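Here's the letter readout for the chains.
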Protein chains: 2
Amino acid sequence: MEVMQLDDRKKQVLHAIVDDYVSTNEPVGSKALIERHDFRVSSATLRNEMAELERMGYIEKPHTSAGRIPSDRGYREYVDSLMTVDELTPEEQLEIKQNIDESVDEVTDLIKNATQTLSRQTGFVSLAMSPRLRKSFLTQLKILMIEPGKALVVMVLSAGVVKDKVVRIPNFITDEQMFKISSAVEKHLTGKPLDEITLVTVETSVTDTEIPNPLLKQVLYEAYTAIKQADELNIYLDGEHRMLELPDFSSLGRARELLGTLSDSSMVAGYVNEMQGSAEEKGAEDTYMIRIGQEIAIEGLEDCSFITATYNLSDSVSGNIGVIGPKRMEYSKVISQIDFVKKTINENIKRLT
Amino acid sequence: MEVMQLDDRKKQVLHAIVDDYVSTNEPVGSKALIERHDFRVSSATLRNEMAELERMGYIEKPHTSAGRIPSDRGYREYVDSLMTVDELTPEEQLEIKQNIDESVDEVTDLIKNATQTLSRQTGFVSLAMSPRLRKSFLTQLKILMIEPGKALVVMVLSAGVVKDKVVRIPNFITDEQMFKISSAVEKHLTGKPLDEITLVTVETSVTDTEIPNPLLKQVLYEAYTAIKQADELNIYLDGEHRMLELPDFSSLGRARELLGTLSDSSMVAGYVNEMQGSAEEKGAEDTYMIRIGQEIAIEGLEDCSFITATYNLSDSVSGNIGVIGPKRMEYSKVISQIDFVKKTINENIKRLT
DNA sequence: GTTTAGCACTCGAAGTGATAGAGTGCTAAT
DNA sequence: ATTAGCACTCTATCACTTCGAGTGCTAAAC
């Protein structure tokens, strides 16, 4: 595993091996390589090159007398410097557009829709993270009485998103009291970003002395939980069953492990969020995040790759959309698909806001 | 396939065959049967009985030299007249209670929670249908302006359920106008069951002449769609991945087919709803619905059984909760599990309302 | 008339070689 | 540096056998 640049021919060979393995799903040998690509050298030479590539850690053998398959490092090199990403054909673009456009008034539905489309198009599992709203600020907040003991907190956020939550309140609170509380809280919190709102902020927003303090406190606490809940991250996964169609997971054991892992969606959500965080630190906001095989720090996804992109609700509010598929995938194709879906989402969001 | 009552010994034999097959997952032969149960006869006699049971359609052979497995009809007989359903043990009850009780303020979350628990306990796919709200009536309806061109319709229904929907409205509508519309609509619709509210009902609810008619109509139309949407049925499925653990679906083909079918949840929803409808016709409201194998009119679920029970939000508002598992399941156990989960749901709903 | 012992028969599951084929690494010649 | 050639390795596959559980049937026993 030396530290050493790949010369041009090695790059060519690695490129060819990845391409062939992706399309055939069979370890590729020196002879097959010669047949399908015209290298101007013999298979023996290729064998030497391949032996070297293996020593360098880019490819590996399933067993002695088989061809080579790319290692994680091989895929990484391929993704980072070998492949070229093309735009989708107009037909492919149209297909995606048509699948998404029929859509609706709410951003959530739009995203779900897009995620489903993405899964159908790629044949893999797709996922979407809800927008990270912590940077968005409150533009409205109303607490409506529903019945004695029950109220609805409605919040409108700067990104045009509406959230609400039913909360329980003391039975004695009257309509008028609640109206007063609601106005005071709204006045105090409007314009504040969600991540700056704390329980203290909420509690100090009402100075009314008519309402018994313990009751008031309880109402404000509930309002606070509603606000915090609006800030929570949600993940949406789609197309898990498609993984069973892939030869990569045709062994029941692998399939079981994979779907088991994916069934704990909160774990995946946490990981995506972490990835996003570290990407933002590096300032690489608007690009893709690609994790291959072992790079994914989730048990059960060692044979998968993970690609996500970022969609934007507004300047400061964004979410992720992406794909989990087998390592052996057409990276450039999938990336352009995600890219186009992301663009379509962004366009539609503009239409909705 | 004669029409004929089973005599006592045949019932005993069928009972034993189902029990053994369910617990061993292997076709059961005459010898094994003798060993495990003390019939006071020889294996040869059993063989004769089994041959007869086969002629009558209760059991079948996977192939010539194998033991017998129950047919759909055999399971049906077992479920209808052979098995006995016991209560869960206190420990099992406790486990379920603990899993559900940590729960929350909203009915939706309660149901989801219970459904997850049901899947974990049975090891099968579980499902829940949202409450059928068409018989519930509106107790409140408010239309809140969010920003020019956008409003939130909030509905409170008799069963204590809150629904809302963001709608687009003409930009020119002012806050005061909207308030007038909202009050008029609310006044007119309060107390009406959802299924009696039509577009006409909504449109005739406002007689204000200040607002230009086309604008008014558009707002009312949007309000109507919001109400109709509240009425929609939703289904929630959980634990699909658990099916891969079952020996019954260890052939990748079957597993693929099953999960593919389940991924179209609206199809399952439609079927459950249909089942519920026909059960209500027969007046058998408060019992279980059990469908076995081919009885399920959904392609891809031929090897499954389908058991659902009914939970109640109020007298006239109910939903379903249940399980989809392999035909080869411990019916009595699963039924008591569903029963207990259902009871727990009902209790918790009382607490919430 | 029902029950039972006995037996020939069937069929899948599991094990065993044997063979073919793809691929490799190495050596020696170009 | 490249290439031809060859010995070697390993898997996949297929035909073949064996084993055992289970059946249906017949004839005897109760």
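For the structure itself, consult the block above.
Here's a quick rundown of the structure. Just so it is clear, the structure is predicted and the values come from calculations on it, not from any experiment. Starting from 1, residues in each chain are numbered consecutively following that chain's sequence as written. For this description, chains carry letters from A and ligands carry numbers from 1, given in the order in which they are written. Local features in this predicted model are restricted to residues of pLDDT 70 or higher, and side-chain atom pairs are both shown and tallied only at a pLDDT of 80 or more, whereas totals for entire chains, interfaces and linings draw on every residue. As a rule here, side-chain values cover all heavy atoms of the structure and leave hydrogens and water aside.

**Some words on the sheet that holds strand E7 (residues 235–238) of chain A**
Residues and elements named next belong to chain A. Any two strands between which DSSP finds at least two bridges are classified as paired. Helix and strand assignments follow DSSP, with helices taken as H or I runs no shorter than four residues and strands as E runs no shorter than two, numbered in order from the N terminus. In space, the 5 strands of this open sheet follow the order E7-E3-E10-E9-E8, with antiparallel pairing throughout. Strands with a single pairing partner mark the edges of an open sheet, and in this sheet they are E7 and strand E8 (289–292). The mean inter-strand angle of the sheet, taken between neighbouring strand axes irrespective of direction, is 15°. When checking whether two residues touch, look at their non-hydrogen atoms; a contact exists if any pair is within 4.5 Å. To define axes, lines are fitted to C-alpha atoms, for helices over the stretch in contact only, and angles between the resulting N-to-C directions are given on a 0 to 180 degree scale. Contacting strand E3 (125–129), E7, strand E9 (304–312) and strand E10 (318–326), helix H6 (residues 107–122) crosses the sheet at an angle of about 155° to E3.

**Observations regarding the relation of the copies chain A and chain B**
Aligned on chain B, chain A shows an RMSD of 0.0 Å; the corresponding rotation is 180° and the shift along the axis is 0.0 Å. The symmetry that links the two subunits is that of a two-fold axis. Taking the C-alpha atom as reference, chain A places A:Leu252 closest to the rotation axis, 3.3 Å from it. Both copies share a contact surface, since 100% of the interface residues of chain A are interface residues in chain B too. The copies were overlaid by least squares, fitting only the C-alpha atoms of residues that reach a pLDDT of 70 or more in each copy.

**Some thoughts on the pattern of salt bridges**
Any Lys or Arg side-chain nitrogen found within 4 Å of a carboxyl oxygen on Asp or Glu counts as a salt bridge. In total, this model carries 38 salt bridges over all chains according to the counting rule given. Here A:Asp7 ties to A:Lys10 by a salt bridge, and the two come within 3.1 Å at their closest N and O atoms. Under the relative-accessibility criterion, A:Asp7 is labelled partly exposed at 35%. Judged by relative accessible area, A:Lys10 falls into the buried class, the value being 5%. We note a salt bridge from B:Glu52 to B:Arg55, for which the minimum N-O separation is 3.8 Å. Here the residue B:Glu52 and the residue B:Arg55 both occupy positions in helix H3 (residues 43–55), the gap between them amounting to 3 residues, near one helical turn. Only protein chains enter the area calculation, which uses a 1.4 Å probe; residues under 20% of their type maximum are buried, those over 50% are exposed, and those in between are partly exposed.

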